[in-house]
Amino acid sequence: MRLDKWLKNSRLIKRRTVANEACDAGKVTANGRAVKASYEVKAGDLLELKFGERVTRVKVLSTQEIVGKADAAGMYEEIR
C-alpha cells in the first residue's frame, strides 16, 4: 500500500493530500531514510513523522485497505 494512503487509513494524518505534502517536504522517513508518498509500506516498517517540534515513531503492524475508525489504531504500534 502507498505510504500516503496508509497514513490516511491509519488516521495518523487526516487527509491523503496532507500526507502527500508531508512526504514531499521530507517530514516522513521509513526505516531511517526519507521516502516519497509512493513508497510501498510493509508490515514491520519503522516510520518517523515530524510535525513541528513533535516527532512520532511507529511500527507498521498491518496494511489493510479498508479500516474502520475503531480499528485504525491497530494498524501501528507507537514507539517511544
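These numbers were taken from a predicted model, which means no experiment stands behind them.

Calculation notes
- Residues numbered from 1 in each chain as written.
- Predicted model: local features only at pLDDT ≥ 70, side-chain atom pairs only at ≥ 80, totals over all residues.
- Heavy atoms only, no water.
- Buried < 20%, exposed > 50% of the residue type's maximum accessible area, 1.4 Å probe, protein only.
- Helix = DSSP H or I, 4+ residues; strand = E, 2+ residues; numbered from the N terminus.
- Arc of directions from axis to C-beta.
- Contact = heavy atoms within 4.5 Å.
- Salt bridge = Lys/Arg side-chain N within 4 Å of Asp/Glu carboxyl O.
- Pairing = 2+ DSSP bridges.
- Core = buried A, V, L, I, M, F, W, Y, C linked by side-chain atoms within 4.5 Å.
- Phe/Tyr/Trp six-rings, centres within 6.5 Å; stacked < 30°, edge-to-face > 60°.

Thoughts on helix α2 (residues 16-24)
Restricting attention to buried positions, one finds in α2 the residues Ala19, Ala22 and Cys23. Each buried residue of α2 sits inside an arc of 100 degrees when the element is viewed along its axis, so together they form one side. Opposite the packed face of α2, turned more than 90 degrees from it, sit the exposed residues Thr17, Glu21 and Asp24. Where α2 is buried, its residues meet α1 (3-9), β1 (28-30) and β3 (46-51). Looking at the residues trailing α2, positive phi occurs at Gly26, about 80 degrees.

Considerations on the pattern of salt bridges
Under the definition given, this model contains six salt bridges. What you see here is one network of salt bridges that share partners, running through Arg2, Asp4 and Arg16.

Describing the sheet that holds strand β4 (residues 54-60)
Across the sheet, which stays open at both edges, the five strands sit in the order β2-β1-β3-β4-β5 with antiparallel pairing between neighbours. Both edges of this open sheet fall to β2 (33-34) and β5 (76-79), since each of them pairs with a single strand only.

As for the nonpolar core
Counting residues in hydrophobic clusters, the biggest one holds 22 residues, and the most contacted among them are Leu3, Trp6, Leu7, Val28 and Leu47. Counting residues per element, the ones that place at least two in this core are α1, α2, β1, β3 and β4. Apart from residues lying up to four places away in sequence, Leu3 is in contact with Cys23, Val28, Val35, Lys36, Ala37, Tyr39, Val41 and Leu47.

Overview of the side chain of Thr56
Summarising the element assignment, Thr56 is placed in strand β4. If near-sequence neighbours (up to four positions away) are discounted, Thr56 is found in contact with Leu47, Glu48, Leu49 and Glu78.

Brief notes about the packing of aromatic side chains
Applying the stated criterion to the full structure yields one aromatic pair. With a centroid separation of 6.3 Å and an interplanar angle of 70 degrees, the aromatic rings of Trp6 and Tyr76 are classed as edge-to-face. Here the residue Trp6 occupies a position in helix α1, and Tyr76 occupies one in strand β5, the gap between them amounting to 70 residues. Tyr76 shares its class with Trp6; the two are buried.

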